[in-house]
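# A look at the structure
Here are the chains, one letter per residue:
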Amino acid sequence: MQLAAAALISAALMWLAFPPVNAGPVVFIAPVPLLWALRRTTSRREAVWVGLIYGTAFFGGMLWWIYTLGAVAWFPLVGTMAVYTLGYALLMYAVRLWSPFLWWAVAVGGWALFEFARSRFPLGGFPWGAAGFPIGTIPGARGAAQWIGPTGWGVLVIGFAASLVLLAEEEPDRRPLEGMVAVILILSALGLVLSPEAGGQAVRVAVVQGNSPCPREHCANEKQLIYDSHLGLTRTITPGSVDLVVWAEDSFGGSVNPTFNPEVAAQMAGEAVRLGAYLMAGGSRSAGPKEWENFNIVFAPNGSVVGEYLKRHPVPFGEFVPLRNLLRFIPQLDQVPRDLRRGQGPVVFPMAVGDTSFRLGSVISFEGAFPRYARSEVRAGSQLLVVATNEGSYGRGPASDQLIGMVRLNAAALGVDAIHAAVTGHSTFVYADGSLSSAKSGLFTAEVLYGMVRVQESRRTLYALAGDWLELAAIAGAAVALVVGWRNPREFRIRPRARR
């Protein structure tokens, strides 16, 4: 009962660290009750229950907004995440009697391993709830993401929490805690003083949030109405007042598509010419009887098409159905009759504002949560990033704010300004130091959001160059600790009586 309560407390604290509460600093103590419980388990069954209780409570609570799509969406996702925490619990059960340092190394590296794995498997992964993302709410600390990235902060969060557990267990060696405190404070101080900034040409941006006439449902002429709203709002923008106009994901589709419809293409190109600005718009189109595409298209100020970006990472069961033939008995999957055709890699769009030429990159919706997709755009040459999304299916829950929370730390890790554009809100601007603009649209409002971002002209960050190096180092450290502990069981185990 005591261990189960500890798992629930840990899940509740971790939930507080994310939107809607967004109490980021709580993340440093949130894993403590869970790790304490795992160090005190006396059987595999206890470890399994602790892992399942934490995983189900935390992910179930954080992702409650997915239930708006039905139990068929919520239960498999939460269950998969809970299986990962169960695996971590079993790993920690296996090393519960090891010496403090080896236990600490496995606790930190094991967590890093499971976050690394669940952000990639199955079906491309799901990074929501990663321990590093709440750091985005802490000035200075988020600036340090330029060196270690979101995943590196996840390592430090668990390292600090595991050190506190050892202290609570009255271990005489305080070096792990002292070392973690020193590293966190030094990095945060350096991140505050040397916070990343784009530093280049200012770009005036208008995000056109057209909203949907029937969010969470499909109504007659929905695509036409959404497109008409975006076009009408764009026509309210004063010529010469902006350099870039952004329409978010799903701002057009079906027959209302510049790819197939010359009239639509002429209208969008005409607005780019009238405004003397680039126009990026996101939409969908058919790619045959069994596939479709989710893409961003960019028009130049002269009305020509600069290029397209195709979404690379579809949402499982939302944009494609794995094992479709085996799952035909689930009627809800009929709502996804075709699978997304994936893009093959990052795309950057050449642009020019004033006397400055630069390259714009974009990711679409789900991809914005993954550090690796934003990083691939920057490594391909992007100096400014657009995250185009549409979360109208999830109602008024925290889905949009949770994605913004991930985008802000990814932006700080890469040192680029980002434009977060949503069809139904929230839309906002994210700066290279991870701070957010005061300009933010409402949910389910039709409006034009104006702001200014800058092109990255500073050096590439260490994270942009080296990626998840600290996470991989922690995993390697855990592997070494496991080899040492299992090859020398007597030397590195502590007696059960040493723990109360």
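Before going into details, it helps to say that this report is about the structure given with it. As a convention, each chain's residues are numbered from 1 in the sequence order in which they are written. Where totals are concerned, whole chains, interfaces and linings use all residues; where local detail is concerned, this predicted model gives features only for residues with pLDDT of at least 70, and gives and counts side-chain atom pairs only at 80 or more. The basis for every side-chain value is the complete set of heavy atoms in the structure, and neither hydrogens nor water enter the calculation.

## Remarks on the packing of aromatic side chains
The test is simple: Stacked, edge-to-face and tilted labels apply to pairs of Phe, Tyr and Trp rings (six-membered ring for Trp) whose centres lie within 6.5 Å, assigned for plane angles under 30 degrees, over 60, and everything in between, in that order. Should the NZ of a Lys or the CZ of an Arg lie within 6 Å of a ring centre and within 35 degrees of the ring normal, that charge is described as sitting over the ring.
Throughout the structure, instances matching the rule amount to 22 aromatic pairs. One aromatic cluster is present, formed by Phe18, Tyr54, Phe58, Phe59, Tyr88, Trp111 and Phe114 through successive ring pairs. In this arrangement the basic side chain of Arg39 is found over the ring face of Trp103, its NZ or CZ atom lying 4.8 Å from the centre. Taking the ring centre of Phe320 as reference, the NZ or CZ of Arg342 above it sits at 5.3 Å.

## A few points about helix α3 (residues 44-62)
Let me state the cut-off plainly: Secondary structure counts use DSSP, requiring at least four H or I residues in a row for a helix and at least two E residues in a row for a strand, with both numbered from the N terminus. Expected span of a helix: the number of residues minus one, times 1.5 Å. Remark: exposure states derive from per-residue accessible area (1.4 Å probe, protein chains only) relative to the maximum for the residue type, with buried under 20%, exposed over 50%, and partly exposed in between. Contacts are assigned to residue pairs with any non-hydrogen atoms lying within 4.5 Å of each other.
The end-to-end C-alpha distance of α3, which contains 19 residues, comes to 27 Å, matching closely the 27 Å that a straight helix rising 1.5 Å per residue would cover. Those residues of α3 lying buried are Ala47, Val50, Gly51, Tyr54, Gly55, Phe58, Phe59, Gly60 and Met62. If you follow the buried residues of α3, they end up packed against α1 (2-16), α2 (31-40), α4 (71-94), α5 (100-118) and α11 (399-414).

## Points about the pairing of strand β2 (residues 244-247)
Where we set the bar: Pairing between two strands is assigned when DSSP locates at least 2 bridges connecting them. Here the term right-handed applies to a crossover when the path leading from its first strand over the helix to its second strand runs clockwise, the strands being oriented away from the viewer.
The alternating pattern of β2 places Leu244 and Val246 on one face and Val245 and Trp247 on the opposite face, and all of these are buried. Both strand β1 (residues 199-209) and β2 contribute to a ladder of four bridges, which runs parallel. What sits directly across from Ala206, in β2, is Val245. Both β2 and strand β3 (residues 278-286) contribute to a ladder of three bridges, which runs parallel. The partner of Leu244 across the bridge, within β3, is Tyr278. In this view, the connection linking β2 to its parallel neighbour β3 by way of helix α9 (residues 262-275) has right-handed handedness.

## Looking at the sheet that holds strand β9 (residues 384-389)
Defined as follows: Geometry is summarised by axes, namely lines fitted to C-alpha atoms with helices restricted to the contacting stretch, and by angles between N-to-C directions that run from 0 to 180 degrees.
Read across the open sheet, the six strands follow the order β7-β8-β9-β10-β11-β12; overall the sheet is mixed. Of all the strands in the sheet, the pair left with one neighbour each is β7 (348-353) and β12 (436-440). Neighbour-to-neighbour, the strand axes of this sheet turn through a mean angle of 25°, independent of strand direction. With three bridges joining them, strand β10 (residues 418-422) and strand β11 (residues 428-430) adopt antiparallel strand pairing. By the bridge assignment, Ile419 is partnered in β11 with Phe429. In the packing of helix α10 (residues 371-379) onto the sheet, the strands contacted are β7, β8 (356-364) and β9, and the crossing angle to β8 comes to about 155°. On the sheet, α11 packs against β9, β10, β11 and β12 and is oriented at approximately 165° with respect to β10.

Remember that the coordinates give geometry; whether it matters functionally is a separate question.
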